[in-house]
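Breakdown of the fold
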Amino acid sequence: MKVFDLHCDTLSELRRAEMRGDGQTFAHNNGHIDLEKLEKGDYMLQCFAAFVNLADPTPGADPLVTALEEIDVFKRIMAKYPDRIAPVYTAADIRKNAEAGKISGLLTVEEGGCCKGNLGVLRRMYPTMKKYVNACRFWCGFGFGKHRYLWEMPGILGFGDWVAPDVPQMSQWQGRIKWTGTASLCNTSALLAKIADILGETQDAKHYRALSEKTADAYCSILTDGNGKLLEEFQTAYVLPIYLNMFPTQQIREKAAANLAALAKRNDWCIGTGFPGTPYILFALCDNGQVDAAYHMLLNTKCPSWLYEVKAGATTIWERWDGLDENGVCPIGDDGTDKMISYNHYASGAVGDFLYRRIAGIEPTEAGYKAFRVKPILGGGLTSAFAKVRTPYGDASVQWETAADTFTVTVCVPVGTRCELTLPDGTSQILASGTHTATCSIS
């Protein structure tokens, strides 16, 4: 469970909309489905072939473990509530989703293992994760030289930069599969190497780490000028290699972030990412010298943007940035999707991760929040924030505010854990369990 609040009505409403919405919002945001509410007709579920963040209401059950292990739950639900379950994806749909990392559950499993400290999840799902990454490697292996690590299949076989608002047609979103699929292979193989290390699978770790490195090199060598500039510029093409640390040096990474910020500024700070880039764009900017640009995008109220949805009256997160115009009319035309739209969707709700990890500043540094960091990043004129995370050790929370030229923060550290607190002036300290308050000057 997570709680978040800000001295900013629109951002607080964005967070509330995110939490009201689709249980798929993000593993990091602890989305789950309550079967009692399902029985009352409160949900329409969309079942994926390999995983859904669905919690069987067994007292003490881990929603993530339940969702990944107990596939019979889905069969039971689908038999009992056929009118409330969208069709399970076919094998062809699974193949199309693979390039975006949407089907294997690898990202969800890694999140559960690292944030919840559940190594059993990693061990149980490890063979499945290997099969997934190996399959992705197969689909990338048809070229020559470094092209053997690029996802160069026809766009029609994947989703690419799905519903990116900077291009109007589905075929254009799909046409970006080379960038999104390649970045996905780099990411999933790196995560698999990390998990292999944790599980003691030394040879696998070496193999998948090398695969990730070769894939990153192919992306940077073929799709960029070698100095942080994409040969074909669009926001997601910058976001993924920046966030996933695919550039060879921090200096080049920061140049790429500056190019991304310039691209966003030319777009009047409006979002231009589809599903693959949206969860990471603010991190890519904020963590690489472009804090002001990140806040410009987060607080923008023009369409397309997160707060445009709030301005337009959204109470849940939309599938598409322009789901309604300012007159409350759906403007979607003939874009190849048969006017596809959902007003209760997970995609852009991924911004909730940024609210916790950068605005409130709280994130784990060891599995299960055994150790965590609090490092708020100030910006956007925000003057206060509060966040609470329910960890296996108890609630961890942070509350900060600014007054005049002073920053004050109070951190609650659960028993058995420790926290590294970094203040806006750069000073750091290690906090043991208990409640701690610190201040610094921000003049």
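Each value, and the rule that gives it
- Residues numbered from 1 in each chain as written.
- Predicted model: local features only at pLDDT ≥ 70, side-chain atom pairs only at ≥ 80, totals over all residues.
- Heavy atoms only, no water.
- Buried < 20%, exposed > 50% of the residue type's maximum accessible area, 1.4 Å probe, protein only.
- Helix = DSSP H or I, 4+ residues; strand = E, 2+ residues; numbered from the N terminus.
- Pairing = 2+ DSSP bridges.
- Contact = heavy atoms within 4.5 Å.
- Core = buried A, V, L, I, M, F, W, Y, C linked by side-chain atoms within 4.5 Å.
- Phe/Tyr/Trp six-rings, centres within 6.5 Å; stacked < 30°, edge-to-face > 60°.
- Axes fitted to C-alpha atoms, helices over the stretch in contact; angles between N-to-C directions.

This part covers the pairing of strand β8 (residues 406-413). Side chains Phe-407, Val-409, Val-411 and Val-413 of β8 all project onto a buried face; the interleaved residues Thr-406, Thr-408, Thr-410 and Cys-412 project onto a face where none is buried. Bridge count between strand β7 (residues 394-403) and β8: 7 bridges; the pairing is antiparallel. Across the sheet, Ser-397 pairs through a bridge with Cys-412, a residue of β8. Between β7 and β8, which pair antiparallel and follow one another directly, the connecting turn spans 2 residues, one of which, Ala-404, has a positive phi of 55°. Relative to strand β11 (residues 434-441), β8 runs antiparallel, the two being bridged by 8 bridges. Of the residues in β11, the one forming a bridge with Phe-407 is Cys-440.

Further remarks concern the side chain of Arg-320. You can see Arg-320 is positioned in the loop between α15 (306-311) and α16 (352-360). Once residues within four sequence positions are removed from consideration, Arg-320 is found in contact with Val-163, Trp-173, Glu-309, Ile-332, Asp-335, Thr-337, Met-340 and Ile-341.

Right, let's talk about the nonpolar core for a bit. With 96 residues, the main nonpolar core has Leu-298, Ile-359, Ile-362 and Val-411 as its most contacted residues. When residues of this core are assigned to their parent elements, the largest contribution, 10 residues, is made by helix α9 (residues 177-199). Once residues lying within four places of it in the same chain are set aside, the contact partners of Leu-298 are Leu-11, Leu-282, Trp-306, Leu-307, Val-351, Phe-354, Leu-355 and Ile-359.

Moving on to the packing of aromatic side chains. Inspection of the entire model under this criterion finds 15 aromatic pairs. Between Tyr-295 and Phe-354 the ring centres are 6.4 Å apart and the planes differ by 70°, which places this aromatic pair in the edge-to-face class. Of the two residues, Tyr-295 sits in helix α14 (residues 291-299) while Phe-354 sits in helix α16, which places them 59 residues apart along the sequence. We note that Tyr-295, like Phe-354, is buried. Taking the centre distance of 5.9 Å and the plane angle of 90° together, the rings of Trp-318 and Tyr-343 count as edge-to-face.

So, on to the sheet that holds strand β4 (residues 362-364). One open sheet accounts for 4 strands, arranged β4-β5-β9-β10; its pairing is mixed. Sheet topology places β4 and β10 (428-431) at the edges, where each strand pairs with a single neighbour. Across the sheet, the mean angle from the axis of one strand to that of its neighbour is 20°, orientation sign disregarded. Here strand β9 (residues 418-422) runs beside β10; their pairing, made up of 4 bridges, is antiparallel. Note that in β10 the partner of Cys-419 across the bridge is Leu-431.

Note that Ile-198 resides in helix α9. On the basis of relative accessible area, Ile-198 is assigned to the partly exposed category, the value being 40%. A sequence separation of 76 residues divides Ile-198 from Leu-122, and the C-alpha atoms of the two residues are 8.9 Å apart. In contact with Ile-198, other than residues within four places in its own chain, are Leu-119 and Leu-122.

What is shown is where atoms sit, not what they do.
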